[in-house]
Amino acid sequence: MPDSRNTKQKQAIIKALESSPRPLRAEEIYELAKTHCPRIGQRTVFRNLAEMIKEFLLVRVQFPGQPVRYELPHADGGHHPHFICRNCNQVFILPGETPSVMDKIEKSPDYIYEGEEVIIFGRCVKCQ
Ligand SMILES: [Zn+2]
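Residues numbered from 1 in each chain as written. Predicted model: local features only at pLDDT ≥ 70, side-chain atom pairs only at ≥ 80, totals over all residues. Heavy atoms only, no water.

Please give an account of the sheet that holds strand β4 (residues 91-93) that cites residues and values.
Hydrogen bonds along the backbone pair up the strands of a sheet, which may run parallel or antiparallel. Strand order in the open sheet formed by three strands is β4-β3-β5, and the pairing between neighbours is mixed. Whereas interior strands pair on both sides, the edge strands pair on one side only; in this sheet they are β4 and β5 (119-122). The sheet shows a mean angle of 30° between the axes of neighbouring strands, taken without regard to direction. Alignment of strand β3 (residues 82-85) against β5, held across four bridges, turns out to be parallel. Looking across to β5, one finds that Cys85 is bridged to Gly122. (Pairing = 2+ DSSP bridges. Helix = DSSP H or I, 4+ residues; strand = E, 2+ residues; numbered from the N terminus. Axes fitted to C-alpha atoms, helices over the stretch in contact; angles between N-to-C directions.)

Following this line, the structure appears as structure tokens:
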């Protein structure tokens, strides 16, 4: 299924995310992908993002009050901890793996537990 052109576009998207210390919005990925693949179109990028989510090549990142962003999956299959700047609202990827708190919380039968997310708040380098 993936022809070489398609693969080249996906590579440009992966390179864009590899070069970023934070998850990126689709528009930001498009701008960066153009530096790797100058003729890539915005619609193509958006279509590829949707495909790459289904193929587990990308992870969707969305926190309350935040736009949808994308990042590369954690190398070990775990989750990256995230940092949100309280001043500029930007989301960053922290090194390492998020420790699980699932086994430390009291479970309620009222809810179905599907996942967890650790968010560290503070001020980013630019906002300090
Ligand atoms: Zn900031």
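Moving on, there is more to tell.
Describe in detail the coordination of the zinc ion, supporting the description with residues and values.
Surrounding the zinc ion are the protein donor atoms Cys85 (SG), Cys88 (SG), Cys124 (SG) and Cys127 (SG), at 2.3 to 2.4 Å. Of note, the zinc ion draws all its donor residues from one chain, in the sequence arrangement C-x2-C-x35-C-x2-C. We note that Cys124, like Cys127, is buried. (Donors = N, O, S within 2.8 Å, 3.2 Å for Na, K, Ca; no water. Buried < 20%, exposed > 50% of the residue type's maximum accessible area, 1.4 Å probe, protein only.)

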